[in-house]
Amino acid sequence: VKGEGVLWNGKVLACGKTQSYIQMQTEEASGSGIADLGDVAGDAEVGNAQGGKAASQVDNDSTELKEQLLGDQRRQQHKHEAWMRKRRFLLSGLFVSYVGASVGIPILRAGDVSCKGGFFWEDHVPFFGLFCITKIAELAIYAFDPTIQGDLSFLDFMMKFLPSFLGYLDGYTDATAISIAHSCDDSPIAQNLSIWMCGTYFAGVIVGQWIVVWHLAMKDETHACLMKLIHMDALASGISLPDDSKQTWFIVNMARTFGEDIPQAFQQTLFLIYVKQNYFMIVSVAVSVASSVKALHDAVSRASIAAGAKVTEVMVWDGFWTVRWETIRTEEQIEIRGGTWSLFGAEYRLDTEAEIVFFMWDDGTKQSVERIADDSCHVTWKTDSNERIEWFRVEQAENAAADLSAYYAVVLNEQVVLRTFDLDVAKSRLQEYYGRQVPERLIVLVENNKVVRDGEHGLPARYGVHGSTEMTEDGKINFWWDGDSIKRMSDIAQVDVDANGPPGTHRENQATATTPTTTAAENAAADPSAYYAVVLEEEVVLRTFDLGAAKSHLQEYFGRQVPERLIVLVENNKVVRDGEHGLPARYGAHGSSDMTEDGKINFWWDANSIKRMSDIAQVDIDTNGPP
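One structure accompanies this document, and this report is about it. Computed from a predicted model, the values in this text were never measured in an experiment.

## Thoughts on the packing of helix 4 (residues 81-108) against helix 7 (residues 164-182)
For step 1, the next point in the chain: Where helix 4 contacts helix 7, the axes come no closer than 8 Å and their chain directions differ by 25°. When the axes of helix 4 and helix 7 are compared, the pair comes out roughly parallel. For the element pair helix 4 and helix 7, the recorded crossing hand is right-handed. When helix 4 is examined against helix 7, the residues Tyr98, Ala101, Ser102, Ile105 and Pro106 are found in contact with a partner set consisting of Gly167, Tyr168, Gly171, Tyr172, Ala175, Thr176 and Ser179.
For step 2, the next point in the chain: Split by residue class, the contact of helix 4 with helix 7 holds seven nonpolar, five polar and no charged.

This is the structure:
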């Protein structure tokens, strides 16, 4: 089970979004030995709650998940690049303010501090205000940032959010402790301690953390290490860490423990023992010890995967797809392997790392995803020229493609209109004619490039070959008048098979995909300024360079008197008309006489109808230009 479907040996068997799971071997001797983590990864409590490995080991055991989450995070950060710049600016501003307040306030208020009483409470108000602003910013970013992957429960969030208060206070209380020690003029020990405390603070905090580690943190594109420097621990936990960022994360915490917490706690303890018990100093020692323990825990337990991250649904493109073009009634089937496939003799490759998945045609046209259906089995594409192309995933259960030498050919009157590995797709192509006696139509099975026929009559078996009896009974999806019709359509299929081979191979261009071979003389595409417009009643339903495609679009109405329909030739963006009546020539202009005789493919009631449809074509041409 993966993402949007059920797969077997790389084949998509069924579509529809499903729950993603991670399974890890646990270290317990008893029980099933499998810790089922559901859609939660990277949460520090998950592994222990399951009685198995700690979650810090998830990134070692789940490389695929880690890469999936990091890839998704990169795409989101690229998509919201402008927001990422603003967030970096905000975090940098809060960091500079934190450093300035931690150092500046104790220096500016040094004249008011006393050895016994410390600072006036009013002196701490500016720092408290900055503390509140920073924590409100952390909450706001966590709630509204579209790139944050973590989704912690309230309890888990508070377990990370509240202890971060101590870390934020630590740098400030250590600086105030230096000022308090320095204010004890009557104690040589206090004076000496203040010098040592100032030296270790300068080396371990100002230089070690706020210059060296800050420089490393600014190289972290995820901003998690910068968040950690200003003690936004809950927010930082919601970001997945690449390997280089995780190394910086470890350095941040080690620098805090050994460059600040341990030296300051030791020196402040000496002050309390040998000078006097100042309550500010007691608070500072307690904060340093708690902060040190937390920093060590964060350094060793932080997983690469964001805490509470959910596995997002990732589109699996590999497999069989039916491709349907909007402008012509044409379908082809492709098989994608490793994001690549072949069609019409050309190789194509999906760019799935882009914000919007796309691929390029040989002529430089870009085809991009416009919409993916909820079940991930129907994709709508859009090209640079606003042409829409539909992809439908082919499920493998009834698929002849289990044997790539077997496929189906769909014959409509005198031509093959579809070759596909999937029987359901073949049925669907003829579904619109269900129960009608026109046109004649047939689905044949092709194996090893030969239409399958029985030995006695040279016809396809009337039952079974097409998958079910309902496919072949008169008046249902297939229809023919007699055995000669079946044989004729089978022969047409064999000619197409000999010329084109299986779906998606040996094709020179899209035009030949489902239409009879047309000569250069018939095909307007020999001159790019000439093409055909197909008018159905009051609208142009197709503009194409290929006459065969134009004929195919009207084939379903063959022999019927409704609706009125006409194929016109366009040259230099003008409908070609004769000089005498202002009408398209009734013969020749459309490629062959059978295109214009009443009761055949084209049909109109009188010359006024022809002129009206020609005028409709001209309006469309003036608006839209060539295909």
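## Quick look at unusual backbone geometry
For step 1, the next point in the chain: In the Ramachandran plot, Asn448 falls in the positive-phi region, its phi being about 50° despite a non-glycine side chain.
For step 2, the next point in the chain: Within the fold, Asn448 resides in the loop between strand 17 (441-447) and strand 18 (450-451).
For step 3, the next point in the chain: Phi angles above zero are rare outside glycine, and Glu537 is one such case at about 55°.
For step 4, the next point in the chain: Its place among the elements puts Glu537 in the loop between strand 19 (530-536) and strand 20 (539-544).
For step 5, the next point in the chain: By relative accessible area, which is 32% here, Glu537 ends up partly exposed.

## Regarding the pattern of salt bridges
For step 1, the next point in the chain: The tally for this structure, following the rule as stated, stands at 15 salt bridges.
For step 2, the next point in the chain: Residues Asp112 and Arg109 are paired through a salt bridge, measuring 3.9 Å at the closest nitrogen-oxygen approach.
For step 3, the next point in the chain: Put simply, Lys487 and Asp491 hold a salt bridge, and the shortest N to O gap is 3.7 Å. One end of the pair is Lys487 and the other is Asp491, both in helix 14 (residues 483-500) and four residues apart, which spans about a single turn.
For step 4, the next point in the chain: The partly exposed category is assigned to Asp491, whose relative accessible area is 31%.
For step 5, the next point in the chain: Several salt bridges share partner residues, and in doing so they unite Arg109, Asp112 and Asp123 into one network.

## As for helix 8 (residues 188-217)
For step 1, the next point in the chain: Its axis deflected by about 40° at Gly208, helix 8 carries its strongest bend there.
For step 2, the next point in the chain: Restricting attention to buried positions, one finds in helix 8 the residues Ala190, Leu193, Ser194, Met197, Tyr201, Gly204, Val205, Gly208, Gln209, Trp210, Val213 and Ala217.
For step 3, the next point in the chain: In this structure, the buried side of helix 8 is in contact with helix 4, helix 7, helix 9 (224-229) and helix 11 (243-274).

## Some thoughts on the nonpolar core
Generally speaking, soluble globular proteins have nonpolar side chains that are buried together.
For step 1, the next point in the chain: Grouped together as the largest cluster of nonpolar side chains are 54 residues, with contacts concentrated most on Leu91, Phe127, Met227, Met232, Leu235 and Phe271.
For step 2, the next point in the chain: When residues of this core are traced back to their parent elements, those giving at least two are helix 4, helix 5 (125-144), helix 6 (154-161), helix 7, helix 8, helix 9, helix 10 (233-237) and helix 11.
For step 3, the next point in the chain: When residues of this core are assigned to their parent elements, the largest contribution, eight residues, is made by helix 8.
For step 4, the next point in the chain: Apart from the residues within four sequence positions on either side, Phe127 is in contact with Tyr98, Ala101, Ser102, Ile105, Tyr168, Leu169 and Tyr172.
For step 5, the next point in the chain: Counting 29 residues, the second-largest nonpolar core is a separate cluster that includes Ala409, Val416, Leu423 and Ile443.

## Some remarks on a nonpolar patch on the surface
For step 1, the next point in the chain: Among the surface-exposed residues, Ile189, Ile273 and Tyr274 lie close enough to one another that they form a single nonpolar patch of about 330 Å² accessible area.
For step 2, the next point in the chain: Looking at the secondary structure, you find Tyr274 in helix 11.
For step 3, the next point in the chain: On the accessibility criterion, Tyr274 (54% relative accessible area) is exposed.

## Comments concerning helix 6
For step 1, the next point in the chain: If you check which residues of helix 6 are buried, you get Asp156, Phe157, Lys160 and Phe161. Buried residues along helix 6 cover an arc of 130° about the axis, so they all sit on one side. Exposed side chains of helix 6 directed beyond 90 degrees from the buried face belong to Phe154, Leu155 and Met159.
For step 2, the next point in the chain: Packing partners of the buried residues in helix 6 comprise helix 5, helix 7 and helix 10.

## Description of the packing of aromatic side chains
For step 1, the next point in the chain: Applying the stated criterion to the full structure yields 24 aromatic pairs.
For step 2, the next point in the chain: Pairing Tyr348 with Phe359 gives two aromatic rings, centres 5.8 Å apart and planes at 75°, and the pair type is edge-to-face. Here Tyr348 is found in strand 10 (residues 346-349), whereas its partner Phe359 is found in strand 11 (residues 358-360), with eleven residues between them in sequence.
For step 3, the next point in the chain: On the accessibility criterion, Phe359 (4% relative accessible area) is buried.
For step 4, the next point in the chain: Following the ring pairs from residue to residue traces out a cluster consisting of Tyr98, Phe127, Phe128, Phe131, Tyr142, Phe157, Phe161, Phe165, Tyr168, Tyr172, Tyr201 and Trp210.
For step 5, the next point in the chain: The ring of Phe358 has Lys366 sitting right over it, with the charged end atom 4.5 Å from the ring centre.

## Some details on empty space enclosed by the protein
For step 1, the next point in the chain: Counted under the stated rule, the structure contains two cavities of 30 Å³ or more.
For step 2, the next point in the chain: The calculated volume of the second largest cavity comes to roughly 40 Å³.
For step 3, the next point in the chain: Taken together, Tyr98, Gly167, Asp170, Gly171, Gln209, Trp210, Leu229, His231, Arg256 and Glu260 make up the lining of the second largest cavity.
For step 4, the next point in the chain: Counting residues per element, the ones that place at least two in the lining of the second largest cavity are helix 7, helix 8 and helix 11.
For step 5, the next point in the chain: In terms of residue class, the lining of the second largest cavity is built from three nonpolar, four polar and three charged.

So, how was this worked out
- Residues numbered from 1 in each chain as written.
- Predicted model: local features only at pLDDT ≥ 70, side-chain atom pairs only at ≥ 80, totals over all residues.
- Heavy atoms only, no water.
- Axes fitted to C-alpha atoms, helices over the stretch in contact; angles between N-to-C directions.
- Helix = DSSP H or I, 4+ residues; strand = E, 2+ residues; numbered from the N terminus.
- Parallel < 35°, antiparallel > 145°, perpendicular 65-115°, else oblique.
- Left-handed = near helix turned anticlockwise from the far one by under 90°.
- Contact = heavy atoms within 4.5 Å.
- Nonpolar A, V, L, I, M, F, W, Y, C, P; charged D, E, K, R; others polar.
- Buried < 20%, exposed > 50% of the residue type's maximum accessible area, 1.4 Å probe, protein only.
- Salt bridge = Lys/Arg side-chain N within 4 Å of Asp/Glu carboxyl O.
- Bend = angle between axes of the 7 residues up to and from the residue.
- Core = buried A, V, L, I, M, F, W, Y, C linked by side-chain atoms within 4.5 Å.
- Patch = residues over 30% accessible without salt bridge, like charges linked within 9 Å, V, L, I, M, F, W, Y side chains within 5 Å.
- Areas by Shrake-Rupley, 256 points an atom, 1.4 Å probe, with all protein chains shown as cover.
- Arc of directions from axis to C-beta.
- Phe/Tyr/Trp six-rings, centres within 6.5 Å; stacked < 30°, edge-to-face > 60°.
- Lys NZ or Arg CZ within 6 Å of the ring centre and 35° of its normal.
- 1 Å grid on protein atoms, 1.4 Å probe; cavity = no way out; pocket = protein on both sides within 12 Å on 5 of 7 lines; lining within 4 Å.
- Points joined across faces, edges and corners; volume = space filled by probe spheres on them.

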